[in-house]
Amino acid sequence: MKLIQHQELSSSQASITFSSIPQTYTDLLLVVSARSTTGNDAFVTFNGSTANFTSRHLEGTGSSAGSFSRTDNFAGWFNASGATANTFGSWAMYVPNYTSANNKSFSIDSVTENNATTTRQFITAGLWSNTSAITSIAVSTSGNMAQYSSATLYGVLKGSDGVTTVS
Amino acid sequence: MPTNTYTPLATITLTGTDSEIVFTSIPSSYRDLILVANFAHTANAEEVIYLRFNSDSSNGSMVGMRGNGSSGASYTGTSMFFSYAGGISTSNGNAIVQIQDYSATDKHKTSLVRCDISTLKTEAMANRWASTAAVTSISVVCQSTPFAIGSTFSLYGVIA
């Protein structure tokens, strides 16, 4: 796994975007520490597109668990503006084979950090039904991404060590 | 130059359907292993996919949780699983398996699995292999229906 780029917001803005993603890796890992200026909902965009996303989610609230499906680019939760001050949600997305000519599946784990009874943890199975290689990724929220929100993009490259075999 | 923290060990892209993927001759020089799969598995009924170490189909146990888009569930098993909640699926899925201290000979081996198929489920599992032997091979075994052509499986070593 190699670092591609890290961004941290010096002021709130609509999204954190990674553009011109190198096409030289096999998989991508995006790790985000984020807070919204309004509500919790997190969204992901590939190549500027919010279309053709589907997902299934398992949600835990600390007192109950539930599951739901979405047909938009919803991608879990970040900390909302009403969460405990100076706390940011943790969010990570893994996208295998992001340059392939297949539809793009992805996995997300996210949790909000809140010193209160209202918090959420999600695991997410996502699919972008688009055969284009992913060249840009943006994360956003229902409001703006708050100051000091950060995101780090890593590339993972498959290969062989010449010793391990697979069949 | 960024440091590479995942060392690629082996990878395969299926050119024909296959019911069992096996990584062998895994070196003992890493701390942990990461197995990443991007796969299609067209099952006609509830089917599971097993995870095995050193070809051992015994000595496994697991606890898992799943969301299918309408309800959540938690379950246990007496094998190790790569995917527990099966069903009809024609879309690509992901699985990430993290195996901690795989070469240690003083402990049982634990692994964490995230298995996601967006048309079917999102799933997280914890497996235990009740053996103190070092892991030298990893098998992903379909219960019945094989993995589809184009499915990929890649193994990485992580240095402590």
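Remember, predicted model here, so these are calculated numbers, not experimental data.

J.: Any chance you could break down the overall build of chain A for me, citing the residues and the numbers?
T.: When its secondary structure is counted, chain A shows zero helices and 13 strands. Along the chain direction, N to C, the helices and strands of chain A fall in the order β-β-β-β-β-β-β-β-β-β-β-β-β. By the compact-globule yardstick of 15 Å for 167 residues, chain A fits well, its C-alpha radius of gyration being 16 Å. In terms of overall dimensions, chain A has a C-alpha envelope of 50 × 35 × 35 Å along the principal axes. A burial count over chain A gives 51% of its 167 residues as buried. Partitioning the intrachain contacts of chain A with sequence separation of at least 6 by distance along the chain shows that 77% fall at a separation of at least 24.

J.: Just give me the short version of the pattern of salt bridges, but keep the residues and values in it.
T.: For the structure shown, the criterion picks out seven salt bridges over all chains. Linking Asp109(A) and Arg114(B) is a salt bridge whose minimum nitrogen-to-oxygen distance equals 2.7 Å. One end of the pair, Asp109(A), is in strand β9 (residues 104–111); the other, Arg114(B), is in strand β9 (residues 109–117), on a second chain. The class for Arg114(B) is buried, based on a relative accessible area of 11%. For the salt bridge of Asp101(B) with Lys107(B), the shortest nitrogen-to-oxygen distance reads 2.6 Å. Classification of Asp101(B) as buried rests on a relative accessible area of 18%. It is possible to trace a salt-bridge network through shared partners that takes in Asp109(A), Arg114(B) and Asp116(B).

J.: An account of the environment of Asp106(B) is requested, with residue identities and associated values reported.
T.: Mapped onto the secondary structure, Asp106(B) falls in the loop between β8 (93–99) and β9. For the pair Asp106(B) and Val141(B), spaced 35 residues apart in the sequence, the C-alpha separation amounts to 27 Å.

J.: Describe the sheet that holds strand β10 (residues 121–128) of chain A, with residues and values.
T.: All names here are of chain A. In spatial order, the strands read β1-β12-β3-β8-β9-β10-β5-β6; together these eight strands make up an open sheet with antiparallel pairing. With partners counted over all chains shown, the strands left at the sheet margins are β1 (2–8) and β6 (65–70), one partner each. Each neighbouring strand pair of the sheet contributes to a mean axis angle of 15 degrees, computed without reference to strand direction. One ladder, built from eight bridges, connects strand β5 (residues 53–60) with β10; its direction is antiparallel. Among the inter-strand pairings, Gly60 is bridged to a residue of β10, identified as Gln121.

What counts, and where the lines are drawn
Residues numbered from 1 in each chain as written. Chains lettered and ligands numbered in written order. Predicted model: local features only at pLDDT ≥ 70, side-chain atom pairs only at ≥ 80, totals over all residues. Heavy atoms only, no water. Helix = DSSP H or I, 4+ residues; strand = E, 2+ residues; numbered from the N terminus. Rg over C-alpha atoms; globule rule 2.2 N^0.38 Å. Buried < 20%, exposed > 50% of the residue type's maximum accessible area, 1.4 Å probe, protein only. Contact = heavy atoms within 4.5 Å. Salt bridge = Lys/Arg side-chain N within 4 Å of Asp/Glu carboxyl O. Pairing = 2+ DSSP bridges. Axes fitted to C-alpha atoms, helices over the stretch in contact; angles between N-to-C directions.

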